[in-house]
Amino acid sequence: MREKAYTQRFPDSKGYFGKFGGAFLPPQLIEQFEKIEQAYLTIGNSHDFIMKLRDIRKHFQGRPTPVYYAKRLTEHVGGARIYLKREDLNHTGAHKLNHCMGEALLASYLGKKKLIAETGAGQHGVALATAAAYFGLECEIHMGEVDIAKEHPNVIRMRTLGAKVVPVSFGQRTLKEAVDSAFEAYLKDPENSIYAIGSVVGPHPFPRMVRDFQSVVGIEAREQFQEMTGNLPDNLVACVGGGSNAMGLFSAFIDDPCEIYAVEPMGRGAKLGEHAASLTYGSEGVLHGFNSIMLKDDAGEPAAVYSIASGLDYPSVGPEHAYLSSIGRTKIATANDEETIRAFYMLSRFEGIIPALESAHAVAFAMRLAKEKPFESILVNLSGRGDKDIDFVTENYPPEAYM
Ligand SMILES: *Cc1c(COP(=O)(O)O)cnc(C)c1O
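Rules and cut-offs
- Residues numbered from 1 in each chain as written.
- Predicted model: local features only at pLDDT ≥ 70, side-chain atom pairs only at ≥ 80, totals over all residues.
- Heavy atoms only, no water.
- Salt bridge = Lys/Arg side-chain N within 4 Å of Asp/Glu carboxyl O.
- Helix = DSSP H or I, 4+ residues; strand = E, 2+ residues; numbered from the N terminus.
- Buried < 20%, exposed > 50% of the residue type's maximum accessible area, 1.4 Å probe, protein only.
- Axes fitted to C-alpha atoms, helices over the stretch in contact; angles between N-to-C directions.
- Parallel < 35°, antiparallel > 145°, perpendicular 65-115°, else oblique.
- Contact = heavy atoms within 4.5 Å.
- Nonpolar A, V, L, I, M, F, W, Y, C, P; charged D, E, K, R; others polar.
- Pairing = 2+ DSSP bridges.
- Right-handed = clockwise from strand over helix to strand, strands pointing away.

*Asks:* How should the pattern of salt bridges be read in this particular structure?
*Replies:* Opposite charge on two side chains permits them to pair, given that their charged atoms come into close proximity. Overall, the coordinates contain 23 salt bridges when judged by the stated rule. With a shortest N-O distance of 2.8 Å, R222 and D256 are connected by a salt bridge. Note that R222 is positioned in helix α11 (residues 216-229) and D256 in the loop between α12 (244-250) and β10 (259-267), a separation of 34 residues in sequence. Here K373 ties to E376 by a salt bridge, and the two come within 4.0 Å at their closest N and O atoms. Taking relative accessible area as the criterion, E376 reaches 28% and is therefore assigned partly exposed. Look at the salt bridges and you will find they share partners, linking R63, K85, E87 and E220 into a network.

What follows is the structure, encoded as structure tokens:
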């Protein structure tokens, strides 16, 4: 008998990928998460739900997004053929809407009134606020005061879309406190609200649900790539923050003979605090309700991390990435700030595509890999567009310096 497809085999019924994953929850939330899981398994697999999500993807999000052969970049690098899965063309300019629309659709089936989430740089907040507007749901986004000041345009976007932005004024006033604050708000009314997690992280069933909603990226890309070239890609490359865009692409190819590279941000250097390369330097631990690989400080607490791309700035990684790298199915790669900025400008100038700084990490590594494997093909997930990063990049890394 043919073995079940990878996504049917993992995670197990308790949400484990090997020893990674699970649901480490306060007692008040155990029942709520079980309800969400049950709903996902029943409603999420119903004909009606699947048809609605397909309709949304096609008519609202603009899917399928294309696969594009980056000819001029390929010729300039002089190696493997580089292809891009254009998630930057998805509505709102990144892959995040793929899971936000799925989560919001499930919430509306469950009769929930409100979507709650945290946001760091505001990307998840904007995508969720978009989904909330589409479904006519309330939306409450918790955001540290430091981030609110830094990421003003996204705060304006969320408010324009009708979301309530809740400033978080305790602790470091950034992402970690925003998570705590959003969780508290959710605890107050778990019947009428849902905590919509922004990546393949958090307690079960979120790593699985978010992966499944993102898997449309890989399913489309696999078919498109074969139609374009007659073959499967030899190599897949994606950046990893929590890991949702990467799992979206990778999940369709796990059973295929493709090399898979997860690219982490090496930032300014290998010293703790200068990067956010969780899989490269981390160790096993539980954070935000799941067991995975994380970066810890001397006291064993989640370490302060840095990335030039705010979407990659997280001290842990989705449990499925921890598992796939532990069994050797994926390879962990890195790109530092300097390589990332160079890739940002190169893709802009050679292809007319300004990438998000997160995605530019994947492009940077792909350019290096292309030289090592000159006769192969590389499919990169271009997770988002770079409009949000242009001011920062041009002010700090002037274009003249990268001619
Ligand atoms: C948020 C974000 C990421 C990182 O999140 P993952 O869950 O690791 O995909 C990557 N790229 C873009 C454009 C983002 O907005």
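And the narrative resumes.
*Asks:* Explain unusual backbone geometry to me, please; I cannot follow it from the model alone.
*Replies:* Generally, phi is negative for residues other than glycine and the peptide bonds are trans, each holding for most cases. Of note, the bond from R63 into P64 is cis; its omega dihedral lies within 30 degrees of zero at 0 degrees. Mapped onto the elements, P64 comes out in the loop between α3 (47-61) and β3 (67-69). Of the consecutive residues H204 and P205, the connecting peptide bond is found in the cis state with omega at 10 degrees. Looking at the element boundaries, P205 is found in the loop between β8 (193-195) and α10 (206-214). A positive phi angle, close to 75 degrees, is found at T92, a residue other than glycine. Following the sequence through the fold, T92 ends up in the loop between β4 (81-86) and α5 (96-109).

*Asks:* Mind showing me how you'd approach the packing of helix α15 (residues 337-351) against helix α16 (residues 357-372) here?
*Replies:* What describes two packed helices is the angle between their axes and the distance between those same axes. The interhelical angle for the contact between α15 and α16, taken along N-to-C directions, is 90 degrees, at an axis separation of 8 Å. Judged by the angle between their axes, α15 and α16 are roughly perpendicular. Along its contact with α15, which presents E339, T340, I341, A343, F344, M346 and L347, the element α16 presents L357, A360, H361, V363, A364, M367 and R368. Class assignment for the residues of the contact of α15 with α16 results in 10 nonpolar, two polar and two charged.

*Asks:* I would appreciate a short explanation of the pairing of β10 in the present structure.
*Replies:* Every regular strand shows the same layout, with side chains that alternate between the two sheet faces. Of all the nine residues making up β10, eight are buried; the element is thus mostly covered by neighbouring parts of the structure. Here strand β9 (residues 235-239) pairs with β10 via five bridges, running parallel. Bridging from a neighbouring strand, L236 pairs with I260 of β10. Following the chain from β9 across α12 to the adjacent parallel β10, one finds a crossover that is right-handed. Pairing geometry for β10 and strand β13 (residues 331-336), over six bridges, is parallel. Its bridge partner lying in β13, E264 is registered against T334.

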